[in-house]
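Okay, here's what each chain looks like letter by letter:
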Amino acid sequence: MTTYTLPAGVVPASMVWGLQRKAVRSTSDFTGSSQTVDLLAWLWSVEIRINNSNRNGVANELEALFNLLTGGVDKLQLHRLDKPAPRGTLRGTPTLIGSHAQFAATLSVQTTAGATLLAGDFMGMAGQLLQVAANCTANGSGVLSVPLVNRIRASAAGGTALVWDRPSVLFKAEDTASAFELLPGKRMGAFAFKFMEAL
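Calculation rules
- Once a new chain begins, its residue numbering starts again from 1 and follows that chain's sequence as written.
- Predicted model: local features are reported for residues with pLDDT of at least 70 only, side-chain atom pairs are reported and counted for 80 or more only, and whole-chain, interface and lining totals are derived from all residues.
- Values shown for side chains rest on all heavy atoms present in the structure; no hydrogens or waters enter the calculation.
- Think of it this way: any DSSP run of H or I at least four residues long counts as a helix, any run of E at least two long counts as a strand, and we number them from the N terminus.
- Polar contact is defined as a pair of N or O atoms within 3.5 Å, subject to the rule that within protein one atom must be able to donate a hydrogen and the other to accept it, and that residues adjacent in sequence are counted only when both atoms are side-chain atoms.
- Working rule for contacts: check all heavy atoms of both residues, and any pair within 4.5 Å makes them a contact.
- The buried label applies to any residue whose accessible area, calculated with a 1.4 Å probe on protein chains only, is under 20% of its type's maximum; exposed applies above 50%, and partly exposed to all values in between.
- Pairing between strands is defined by DSSP: at least two bridges between the two strands are required.
- One fewer than the residue count of a helix, multiplied by 1.5 Å, yields its expected span.

### Re the side chain of Asn 150
Within the element layout of this structure, Asn 150 appears in the loop between strand 12 (143-147) and strand 13 (168-173). In this structure the side chain of Asn 150 is engaged in a polar contact, spanning 2.8 Å, whose partner is the backbone oxygen of Leu 129. Side-chain polar atoms of Asn 150 contact the backbone nitrogen of Gln 131, separated by 3.1 Å. In this structure, Asn 150 is in contact with Leu 19, Trp 42, Trp 44, Gln 128, Leu 129, Leu 130 and Gln 131, ignoring residues within four places of it in sequence.

Right, dumping it as structure tokens:
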């Protein structure tokens, strides 16, 4: 397995990010009442879109990249291009305070006094991309309680580093084959590729 990144300087026309939450839902045929069982599993998805473009530019490089990734054998490492760093003020080298159990919904983080994270910010931890659920501010001792949108997949030890600078996630292509429309004048038609988080 090889891990690839977007070519330097290549920016897609748009990227559609999403979060898939695993749950089992059932509805009674008799009463119509429903029940949902939370499987406590979240997966990121992304669709990378390219507009009609000259084949000598961005489209050419992405055609090669997507052909490499087709089939989901190799992986794409990607961060949110629109959010390379938190909107909050947290920087430096934040770490976990104490051990955290699997599926923890809140992180206890050691940082600097007054450091902030805002709803929608991203942090990386042990290969997982975590999203902040609500605004939070570190107390005078630098302890920051961070509520999460998606829970942690595995237990984590105290001192585990958190990544705020371009936290990334590994994706695999959902498509098993590629197809590109070639237009007159060395142009390529618009296309899109879908990816799901690789575990």
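### What about the pairing of strand 12?
By the alternation rule, side chains of strand 12 split into Leu 144 and Val 146, which are all buried, and Val 143, Ser 145 and Pro 147, of which none is buried. Note: strand 7 (residues 106-110) against strand 12, 5 bridges, orientation antiparallel. Bridged to Gln 110 within strand 12 is Val 143.

### Quick word on helix 1 (residues 58-69)
When the terminal C-alpha atoms of helix 1 are compared, their 17 Å separation across 12 residues agrees well with the 16 Å that a helix rising 1.5 Å per residue should span. Phi turns positive one or two residues past the end of helix 1, at Gly 71, with a value near 100°.

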